[in-house]
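# Structural description and commentary
One letter stands for each residue in the lines below.
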Amino acid sequence: MNHTCEKRLKRLKTIVSLQEEKKEVLAHIRAMRDWVMEVEHIFDGSWASQAEEISNAEVGRRLDDWLHRLSAFLEAEGRTQDEHLRLGHLLKVMTHLRPGLVQCYDREGFPRTNNDLERTIRAIKMHYRRISGRKNWNSYLLRYGRCVAYQEWWQQHPDGAACLQARLRRVAPAAFRQVRQETRDRHQEQLNRYRFRHRPLAYLQVLEARWEQTACT
């Protein structure tokens, strides 16, 4: 055996020894990964043989069962500190988000994943970027985002524009005034940020004047 082969064999033995040393740790990591992969399969619907089986109720039932089993697993004896830290955090987050995680399966065309949602938002942004001619329209999105997304959703349906107009005619005046005030509040907040960034001294002088006026009263 030449010198090169001896070096390669020694390196291989080192790798195998490290694998053996970390065998138990890697087993715990694989077990924790299995919990994550299981809940992912619950959400993606790969367990269903037919699309009709996937619904909010069924996904919610499977998710609740997974949460119950994970909680019982963490309460059992022999759990490592790493399992309590990693899986405990997963259990806490999933329990907190549970009410909103299973609302999309009964709605056709509703984005089910972050990737789907990002693609939907990006499509809306590109559409309105072409209309406005502005490269950056984040402020517009922050101000009118939910209204824009609502309108775009209706536009994708047959006779969506007519249906949207019909629904808008039934909006109560009080509800319209509330949404209008919320939009004005968001606009004012953005305007204050703009004034502070571009004319900070003038903005602070206005605040001082308002403070003096309030203190006098």
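Just above, that's the structure.
The structure presented is a predicted model; accordingly, all values stated were derived computationally and were not measured.

What the rule picks out here adds up to 3 aromatic pairs. Between Trp 35 and Trp 66, the ring centres sit 6.2 Å apart and the planes meet at 65°, which makes this aromatic pair edge-to-face. Of the two residues, Trp 35 sits in helix 2 (residues 23-44) while Trp 66 sits in helix 3 (residues 56-75), which places them 31 residues apart along the sequence. In terms of burial, Trp 35 and Trp 66 fall into one category: buried. Residues Phe 196 and Tyr 203 carry aromatic rings whose centres are separated by 5.9 Å and whose planes lie at 75° to one another, so their mutual orientation is edge-to-face. Residue classification places Phe 196 among the partly exposed residues on the basis of a relative accessible area of 43%. What links up through ring pairs into an aromatic cluster is the set Trp 35, Trp 66 and Phe 73. Against the face of Trp 47 rests Arg 62, its NZ or CZ located 3.9 Å from the ring centre. The lysine or arginine in question, Arg 79, covers the ring of Phe 73, its NZ or CZ lying 3.9 Å from the ring centre.

Here we take up unusual backbone geometry. One non-glycine residue with positive phi stands out, namely Asp 159, at about 55°. With respect to the secondary-structure elements, Asp 159 resides in the loop between helix 6 (138-155) and helix 7 (160-169). Judged by its relative accessible area of 61%, Asp 159 is exposed.

Procedures and definitions
Residues numbered from 1 in each chain as written. Predicted model: local features only at pLDDT ≥ 70, side-chain atom pairs only at ≥ 80, totals over all residues. Heavy atoms only, no water. Phe/Tyr/Trp six-rings, centres within 6.5 Å; stacked < 30°, edge-to-face > 60°. Helix = DSSP H or I, 4+ residues; strand = E, 2+ residues; numbered from the N terminus. Buried < 20%, exposed > 50% of the residue type's maximum accessible area, 1.4 Å probe, protein only. Lys NZ or Arg CZ within 6 Å of the ring centre and 35° of its normal.

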